[in-house]
Number of protein chains: 2
Amino acid sequence: MRGAVIHAPGDIRFESLDDPKILHPTDAIIRTAVTCVCGSDLWPYRGAEPTEDAHPMGHEYVGFVEEVGSEVTAVQPGQFVVGSFATSDNTCANCRNGFQSNCLRREFMSTCQADYVRIPNAQGTLVATDEVPGEELWPGLLAVSDVMGTGWWAADAAEVGPGSTAVVVGDGAVGLCAVIAAKEMGAERIIAMSRHESRQKLAREFGATDIVTERGDEGVERIKELTGGIGADSVLECVGTAQAMAQALHSARPGGNVGFVGVPHEVAIEGQELFFSHVGLRGGPAPVRRYLPDLIARVLDGRIDPGKVFDLTLPLERVADGYKAMDERTAIKALLKP
Amino acid sequence: MRGAVIHAPGDIRFESLDDPKILHPTDAIIRTAVTCVCGSDLWPYRGAEPTEDAHPMGHEYVGFVEEVGSEVTAVQPGQFVVGSFATSDNTCANCRNGFQSNCLRREFMSTCQADYVRIPNAQGTLVATDEVPGEELWPGLLAVSDVMGTGWWAADAAEVGPGSTAVVVGDGAVGLCAVIAAKEMGAERIIAMSRHESRQKLAREFGATDIVTERGDEGVERIKELTGGIGADSVLECVGTAQAMAQALHSARPGGNVGFVGVPHEVAIEGQELFFSHVGLRGGPAPVRRYLPDLIARVLDGRIDPGKVFDLTLPLERVADGYKAMDERTAIKALLKP
């Protein structure tokens, strides 16, 4: 088969690779239906994370089951499946508590920009659809495997509720999906912080009621103006920088909540400031598996269409162009078709 | 009247002071029934906070209404009242959201170790009992005005629920009251971290099922052993030091919650560590006013007896001895009788 391999920052190659094999009785092999490039793939691409040895890339996937290990009974060859970027047995204490992305047997996916993929912990990770969905639904289901699941988690962690006001910090694919989530959870006012016209447009389409283009203290000031002077009930931090976190914490009202889903890079939170703010804070890698059945159903019945975050579609062999377009911000998110 | 005045670290004097007067139509004057010394009063006493000019002390009180301003209709002269260390109008947006200790008109109490006290925002701050309660109930009601309200908030912020496992970090009066709160909220296992025999005994009396005497990494290890290897559902941090916060964060299970109610002193939380832990974090000055009606009822009907944290009773004029005993840890908390 063939797949994407990073050799060094900026150097993504589409290469011949060994076909994946069942290594453990809990594995499954899937044939990729569609896959994509994630914002987090840009860290090694930009050299913000080191690449010591060349290695495959990709952690988002939907596909057809090719083969299952002897302990996998939940899915069968031929079925169309959606999984999470973090695999989970879905039986350990952390999984039972709903934090499957902290499964005691967790393995993060990392080889999905390829024709075939081995899925560890397949029994607890993969969710099959009743029928093979139409191709027009594949992008939405692919989004569910990471960015939509992560946006949902941001809204969940920020305790978005009916009638509430939510602020979304970050206008990448996750931030845009977070707008969808806030809307689905009943937020009446959804303020998207974005400076990019095409992303503002999609945010509005997804349910944003207000756009704030200012950043930093000015952005916070604008949020306060829009929220009766006290701040928002829920803030969904979908970036991971110190600036984004500060903006999020200062935009929440006393007693409000910040859900943070961008992996924090050099972020430290001052204890006394957090204390006097009364703001609740929760983040982490999204427990996508918890949300899969629900989110798959919402995509299949057309209630949400997170597939719209893919504004560039390429054949899988042009994966390097997908990285380039996202790095240069000419695309929000690149869909890859094997 | 007379009251306590701090002149310098270690120098508390009981002095003649002007009687308090109604300054605003929203004020009330109360005659102190009982008051006490708080763990946080020890910061200036120990020089951990500066004392530039001599000033009165004390923020915990129950008493009899003497006089009310023209806008105060909720309480009448002669009534026995309980309030919070943070005054609130109970009508602003933050109050309506349940965060009265972040009231837009908040004033922190600071003159309560005295015969008479002026209560700002009296209408929204004071709660009167139906009848004057028996003197044996005054210590419990006094505890409600701060330490019991704060312990309750710790359990609430840590989302203690029926059947859960809770860890309490800190065995001061707040930590001990946090044990009561965890028990009332239905925690099945309550682990108190304490090295002091008398405090362990009271913790057990209040509902602690386990005592952990180890601290730091060893303490965390012991908590993990007691919680199936993953940590506790809820951790109530009632100290405020960096060590206590680290111990709290590391003792919570993935997806668990830390409620932190000790004012943080030189505490910074590392973003990526918090992220991968999945732990939710919320703290702040307790919104005691939110809990007052409920906690007063629990004390009056004998369901809880937080007054037991007072293991030293002194006449108000011996207030300096109360500070000394608490500073030397020969008393958990000193009750003062005018």
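Rules behind the numbers
Residues numbered from 1 in each chain as written. Chains lettered and ligands numbered in written order. Predicted model: local features only at pLDDT ≥ 70, side-chain atom pairs only at ≥ 80, totals over all residues. Heavy atoms only, no water. Helix = DSSP H or I, 4+ residues; strand = E, 2+ residues; numbered from the N terminus. Rg over C-alpha atoms; globule rule 2.2 N^0.38 Å. Buried < 20%, exposed > 50% of the residue type's maximum accessible area, 1.4 Å probe, protein only. Contact = heavy atoms within 4.5 Å. Areas by Shrake-Rupley, 256 points an atom, 1.4 Å probe, with all protein chains shown as cover. Lys, Arg positive; Asp, Glu negative; His and termini not counted. Charge placed at Lys NZ, Arg CZ, Asp CG, Glu CD. Domains from an automatic or database assignment. Buried area = accessible area lost by both parts, 1.4 Å probe. Salt bridge = Lys/Arg side-chain N within 4 Å of Asp/Glu carboxyl O. Polar contact = N/O pair within 3.5 Å; in protein donor to acceptor, adjacent residues only side chain to side chain. Pairing = 2+ DSSP bridges. Least-squares fit on C-alpha atoms with pLDDT ≥ 70 in both. UniProt positions renumbered as here; feature names shortened; annotations may be inferred. Expected span 1.5 Å × (residues − 1). Nonpolar A, V, L, I, M, F, W, Y, C, P; charged D, E, K, R; others polar.

**Describing the overall build of chain A**
When its secondary structure is counted, chain A shows 12 helices and 19 strands. Whereas a compact globule of 338 residues would reach a radius of gyration of roughly 20 Å, chain A reaches 19 Å, a difference of no more than 12%. In terms of overall dimensions, chain A has C-alpha extents of about 60 × 40 × 35 Å along its principal axes. Here chain A holds 338 residues, and the buried ones make up 59% of them. Look at the contacts in chain A between residues 6 or more apart in sequence, and 68% of them connect residues 24 or more apart. Entry remark: accessible area of chain A is about 12,900 Å², with carbon and sulfur atoms responsible for 45%. With 30 positive and 47 negative side-chain charges, chain A shows a spacing of 3 Å between the two charge centroids.

**Considerations on the domain arrangement of chain A**
Residue and element names in this part refer to chain A. Examined at the domain level, chain A breaks down into domain 1 (2-146 + 287-337) and domain 2 (150-283). Taking only C-alpha atoms, the centre of domain 1 and the centre of domain 2 are 26 Å apart. Contact with domain 1, which involves 22 residues of that partner, is made by 18 residues of domain 2. Both sides together, the interface formed by domain 1 and domain 2 hides about 1,700 Å², and carbon and sulfur atoms give 62% of it. Where domain 1 touches domain 2, the interface holds 5 salt bridges. Between Asp171 and Arg329 there is a salt bridge, and its shortest N-O distance comes to 3.3 Å. Where domain 1 packs against domain 2, one counts 7 residue pairs in polar contact (both at pLDDT 80 or more).

**A closer look at the pattern of salt bridges**
Pairs can form between side chains of opposite charge whenever their charged atoms are close. Residues and elements named next belong to chain A. Across all of its chains, the model carries 36 salt bridges over all chains by this definition. Linking Asp11 and Arg13 is a salt bridge whose minimum nitrogen-to-oxygen distance equals 2.8 Å. For Asp11, a relative accessible area of 23% corresponds to the partly exposed category. In the salt-bridge network here, residues are joined through shared partners; they are Glu184, Asp294, Arg298 and Arg303.

**What about the sheet that holds strand β1 (residues 2-8) of chain B?**
All names here are of chain B. With antiparallel pairing, 3 strands are arranged side by side in an open sheet as β2-β1-β4. The open sheet is flanked by β2 (11-16) and β4 (55-56), the only strands paired with a single partner. In this structure, β1 lies alongside β4, joined through 2 bridges in antiparallel fashion. The partner of Val5 across the bridge, within β4, is Pro56.

**Considering the pairing of strand β5 (residues 61-68) of chain B**
When strand β3 (residues 28-36) of chain B meets β5(B), the two strands line up antiparallel, connected through 7 bridges. Bridged to B:Thr32 within β5(B) is B:Gly63.

**Section: the relation of the copies chain A and chain B**
Between chain A and chain B, the superposition needs a rotation of 180° and an axial shift of 0.0 Å, giving an RMSD of 0.0 Å. Between the two chains, the operation in question is that of a two-fold axis.

**Considering the UniProt feature "domain: Enoyl reductase (ER)" (unreviewed entry) in chain A**
With numbering matched to this structure, UniProt assigns "domain: Enoyl reductase (ER)" (unreviewed entry) to residues 7-336 of chain A. Secondary structure over residues 7-336 of chain A splits into 31% helix and 25% strand, and the C-alpha atoms at its two ends are 20 Å apart.

**Points about the sheet that holds strand β4 (residues 55-56) of chain A**
All names here are of chain A. A sheet is described by the order of its strands in space; here 3 strands give the open sequence β2-β1-β4, paired in antiparallel fashion. Since the sheet does not close on itself, it has two edges, and those belong to β2 (11-16) and β4, each with one partner. The pairing of strand β1 (residues 2-8) with β2 spans 6 bridges and is antiparallel. Within β2, the residue paired with Arg2 across the bridge is Ser16.

**Regarding helix α6 (residues 173-184) of chain A**
For α6(A), spanning 12 residues, the distance from its first C-alpha to its last is 17 Å, which sits close to the expected 16 Å at 1.5 Å a residue. A:Gly186 lies just past α6(A) and shows a positive phi near 100°.

**Considerations on the interface of chain A and chain B**
Where interface size is quoted, it is often the accessible area lost as the parts come together. Across the contact, 37 residues belong to chain A and 38 residues belong to chain B. Taking both sides of the interface into account, the surface hidden between chain A and chain B amounts to around 3,200 Å²; carbon and sulfur atoms contribute 59%. It is A:Phe275, A:His278 and A:Arg282 in chain A that bury the most area against chain B; as a group they hold 23% of the surface buried on that side. Counting across the chain A and chain B interface gives 0 salt bridges. For the pair chain A and chain B, the interface holds 22 residue pairs in polar contact (both at pLDDT 80 or more). Considering only residue class, the side of chain A that touches chain B consists of 18 nonpolar, 15 polar and 4 charged. Pairing analysis gives 3 bridges linking strand β16 (residues 268-270) of chain A to strand β14 (residues 268-270) of chain B, with the strands arranged antiparallel. Residue A:Glu270 lies in a different strand from β14(B), and its bridge partner there is B:Ala268.

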